[in-house]
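# Structural overview for review
Each chain, letter by letter, is given below.
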Amino acid sequence: MGTKRNIVFILGIFFFVLGLFSIAYSIYLKRYSEVIWFCYIGLVLIGLGLLFRKDKLVVAQLNILILPTIIWNIDFFYRLLTGESFWGITDYFFLEGRSIIGNIISLQHIYTIPLVIYALYLIKIKTKNAWRISVIQILLIFVISRLLTLETNNVNCVFRPCFDFALTIPYTFGWIIAYFLIILITHFGLSNINFLKA
């Protein structure tokens, strides 16, 4: 039991510090809008959730992050292996002169989800309504992103799709509906993984 607690604690510290460092680095570069990227906020909240063993908070972040992270990884590894752009989401990573520190931070997309799922395996999922936190969180961040960031930065893809994708409905409604579905699908999937259940 002690070993499991120690692992969860270490992972909690790691993600919390990584999240704060990512935010601090964005501030250092004066890229203030990047502070409210879902992934940066998610890292901090995952860290807090693990430190205080709040499975609801951790699951809420996974509901938001898993599917977008999978998309990021598909795009990244396609570009890495073929040298060609796929959706263009991770093209920034391969730009000449790109900051090494920035790339190290971005690489968290590869290992965050597996490590957090392992941590959830250790603490188990006891809650059934974490999706509510996820919905409130994405709505708040959507509003903040629209009000406090520039359209040219397109933080959290709130102004336009982050890759070529056509919608037949107004983008704001499409974004909200898409993320609501992402949350529900992910939450349903996590809730039905037996080894994560308490």
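Located above this text is the structure these notes cover.
Below is a summary of the structure that appears in this document. (Residues numbered from 1 in each chain as written. Predicted model: local features only at pLDDT ≥ 70, side-chain atom pairs only at ≥ 80, totals over all residues. Heavy atoms only, no water.)

We now examine the overall build of the protein. Within the protein, the regular secondary structure consists of seven helices and zero strands. Ordered by position in the sequence, the α and β elements of the protein form the string α-α-α-α-α-α-α. Taking 16 Å as the expected radius of gyration for a compact globule of 198 residues, we find that the protein reaches 17 Å, a close match to that expectation. Seen through its principal axes, the protein has C-alpha atoms that stretch 50 × 40 × 35 Å. Here the protein holds 198 residues, and 40% of them are scored as buried. A separation of at least 24 residues holds for 67% of the contacts in the protein among residues at least 6 apart in sequence. (Helix = DSSP H or I, 4+ residues; strand = E, 2+ residues; numbered from the N terminus. Rg over C-alpha atoms; globule rule 2.2 N^0.38 Å. Buried < 20%, exposed > 50% of the residue type's maximum accessible area, 1.4 Å probe, protein only. Contact = heavy atoms within 4.5 Å.)

Mapped onto the elements, Ser26 comes out in helix H1 (residues 2-28). For Ser26, the residues in contact, after removing those within four places along its chain, are Arg31, Tyr32, Glu34, Val35 and Tyr40.

The subject of this paragraph is the nonpolar core. In terms of nonpolar packing, the biggest core is built from 42 residues, with Phe38, Leu50, Leu120, Trp175 and Tyr179 touching the most fellow members. Elements that contribute at least two residues to this core include exactly H1, helix H2 (38-51), helix H3 (55-82), helix H5 (108-123), helix H6 (130-148) and helix H7 (171-191). (Core = buried A, V, L, I, M, F, W, Y, C linked by side-chain atoms within 4.5 Å.)

Let's shift gears to the packing of aromatic side chains. The full count for this structure, using the stated rule, is 18 aromatic pairs. Ring centres 6.2 Å apart and planes at 15° place the aromatic pair Phe21 and Tyr25 in the stacked group. Linking Phe21 with Tyr25, this pair stays in helix H1, spanning four residues, or about one helical turn. On the basis of relative accessible area, Phe21 is assigned to the partly exposed category, the value being 42%. Taking the centre distance of 5.1 Å and the plane angle of 45° together, the rings of Trp175 and Tyr179 count as tilted. Of this pair, Trp175 and Tyr179 both sit in helix H7, four residues apart, which is roughly one turn of the helix. The same class applies to Trp175 and to Tyr179, which are both buried. Among the aromatic residues, those joined into a cluster by ring pairs are Trp72, Phe76, Phe77, Phe93 and Phe94. (Phe/Tyr/Trp six-rings, centres within 6.5 Å; stacked < 30°, edge-to-face > 60°.)

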